[in-house]
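This is what each chain is made of:
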Amino acid sequence: MSHNIVFSAKALELQATAREIADKHVRPAAAHYDKAQEYNYDAARAVAEAGLFRTFIPAEYGGFGAGILALALVTEELAKADSGFGVAFAVNALGSFPIILGGTEEQKQHWLPQIATGDKFVAFCLSEKFAGSDAQALSVRATLDGDDYVICGEKKWTTNGGVADVYTVFCVTDPNSRSRRISAIIVEKGTPGFEVKKVEDKMGIRCVPVVETHFDHVRVPKKNLIGGRPGLGFKHAMMTLDYARPGVAAQALGAAQGAFEFANVYANRRQTFGVPISKHQMVQQLLADMAMKTEAARWLVYSSAAAIDQLGPSPANSKMAAMAKCYASDVAMEVATDAVQVFGGYGYMEDYPIAKFFRDAKILQIYEGTNQIQRLVIARHLIREAAELEHLQAFIPIEIQKTYEEDEVTQEA
Ligand code: CAA
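Keep in mind it's a predicted model, so treat the numbers as computed, not measured. (Residues numbered from 1 in each chain as written. Predicted model: local features only at pLDDT ≥ 70, side-chain atom pairs only at ≥ 80, totals over all residues. Heavy atoms only, no water.)

**Some words on the site of the ligand**
Here is step 1 of the chain: Among the 25 residues in the neighbourhood of the ligand, the closest are listed as S133, Q136, D242, E368 and R380.
Here is step 2 of the chain: One of the side-chain N or O atoms of D242 is found 2.7 Å from a nitrogen atom in the ligand.
Here is step 3 of the chain: One nitrogen or oxygen atom from the side chain of R380 is found 2.9 Å from an oxygen atom belonging to the ligand.
Here is step 4 of the chain: About the coverage of the ligand: the protein hides 73% of its 1100 Å² of free accessible area.
Here is step 5 of the chain: If you list the elements that add at least two residues to the shell around the ligand, you get β3 (148–159), α7 (233–269) and α11 (371–387).
Here is step 6 of the chain: Sort the elements by how many residues they give to the shell around the ligand and α7 lands first, with 7 residues.
Here is step 7 of the chain: The residue inventory of the shell around the ligand, partitioned by class, reads 12 nonpolar, 8 polar and 5 charged.
Here is step 8 of the chain: When residues of the shell around the ligand are assigned to domains, at least three fall in each of domain 2 (123–231) and domain 3 (234–387). (Near = heavy atom within 4 Å. Polar contact = N/O pair within 3.5 Å; in protein donor to acceptor, adjacent residues only side chain to side chain. Areas by Shrake-Rupley, 256 points an atom, 1.4 Å probe, with all protein chains shown as cover. Helix = DSSP H or I, 4+ residues; strand = E, 2+ residues; numbered from the N terminus. Nonpolar A, V, L, I, M, F, W, Y, C, P; charged D, E, K, R; others polar. Domains from an automatic or database assignment.)

**Regarding the side chain of R206**
Here is step 1 of the chain: Secondary-structure assignment places R206 in the loop between β6 (194–199) and β7 (210–221).
Here is step 2 of the chain: Residue R206 is classed as buried on the basis of its relative accessible area of 19%.
Here is step 3 of the chain: Of note is the side chain of R206, whose polar atom sits 3.0 Å from the backbone oxygen of D34.
Here is step 4 of the chain: Apart from residues lying up to four places away in sequence, R206 is in contact with Y33, D34, K35, Q37, E38, D201 and R359. (Buried < 20%, exposed > 50% of the residue type's maximum accessible area, 1.4 Å probe, protein only. Contact = heavy atoms within 4.5 Å.)

**Thoughts on helix α10 (residues 354–361)**
Here is step 1 of the chain: Among the 8 residues of α10, 7 are classified as buried, and the element is accordingly described as predominantly covered.
Here is step 2 of the chain: Contact partners of the buried residues in α10: α2 (30–36), α4 (67–81), α5 (83–102), α7 and α9 (315–343).

**Some words on the domain arrangement of the chain**
Here is step 1 of the chain: Here the domain parsing of the chain yields domain 1 (9–121), domain 2 (123–231) and domain 3 (234–387).
Here is step 2 of the chain: Taking only C-alpha atoms into account, the centre of domain 1 sits 22 Å from that of domain 2.
Here is step 3 of the chain: The interface is formed by 29 residues belonging to domain 1 together with 26 residues belonging to domain 2.
Here is step 4 of the chain: In total, domain 1 and domain 2 occlude about 2200 Å² of area from one another, counting both sides; carbon and sulfur atoms represent 64% of this.
Here is step 5 of the chain: In terms of surface lost to domain 2, no three residues of domain 1 exceed Q37, W111 and F121, which account for 27% of the buried area on that side. (Buried area = accessible area lost by both parts, 1.4 Å probe.)

See below:
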């Protein structure tokens, strides 16, 4: 590892602000917005007024340029209070990264300052009904017609859809190309032909809408093509996910920490056999494991974010981001499950906050790349790294290598 985890004064200040907002506007209202399946505009306004959307926007475009580690700290605080609100915040970064990483100077100057102030909310439209894990299999088409692109098709799982004003939409612009098939195009809410058709009824993160977005001959100016050249879309999508996955990992970390804190407090108060259940060894083991895994996730999350801040896009950081997303979300699911166990029957009831943590945690293992895809990304990097460790082959008995080779020949035959 060739980077340090440095918490800047700005990052710590933003973290403290996020904690205040979470305590005042997010946690007290979490159950209400979950039940009602409504967006928490009150908290979103507080986040905008406090400047938290500036966290991930570069300083030249009205942001604080505070970096991915600061974004992780802010996201963690909001998600600790309500996982759903954590993603409602972080998805604005996901939708903005294609512009930040791949946009032209003109596009950055036009869009980013409005996102920094919270005047415009953002969404990221990549997935489709038949293109989730296989992100190259998109079918939404954008065809050049004079000075416009005309977009047709349907996107699925658009988080923040309907609330967002700006959508980064990944479209097929050259169906005959293998490597330059896809381009990202900015579509504004209200453009004729662009509609939110289905608001999903979800198991968790119910305070943030996840929708289908439909494009019926949506005409947008050519200048909205991110990067100004077609065919860059898949690379922009992959780079965006590398930058955003530490943020999902931070949502997971917040969720794990939030569930653990409730379980810890409950275990100290709830009595059985004449003592608080935290005095029973079996509960102690649960709590100790929850605390230990959350802490391990924390440092993987911070490390993956700090690596991007210090070293920018790189294969090593892509692997780290996948590791953080995968590990932290698996921990969040495990900790939320054990928190229900600590609460016992009460944990299963919606009167208590723990059932919601459990429902919210599951999606973290699925969105922004399933944990199977994260493991695939990690494994691809490991194969490349193994090839770079040739000097170690000298220590591996040659007979074993021969056996492998023979096995391969036999299998092929
Ligand atoms: N950075 C830059 N470029 C990259 C890259 C990266 N991390 N990963 C791949 N590329 C490039 C490759 O170099 C290659 O370029 P060339 O064609 O020039 O050689 C090209 O992209 C294709 O790469 P692969 O052959 O590796 O691509 P693949 O088809 O095998 O797919 C994958 C790789 C990792 C499985 C990818 O499809 C993937 O990440 N899938 C998951 C998608 C995902 O996370 N979707 C979630 C969407 S967001 C969401 O959940 C909704 C929400 O609102 C929260």
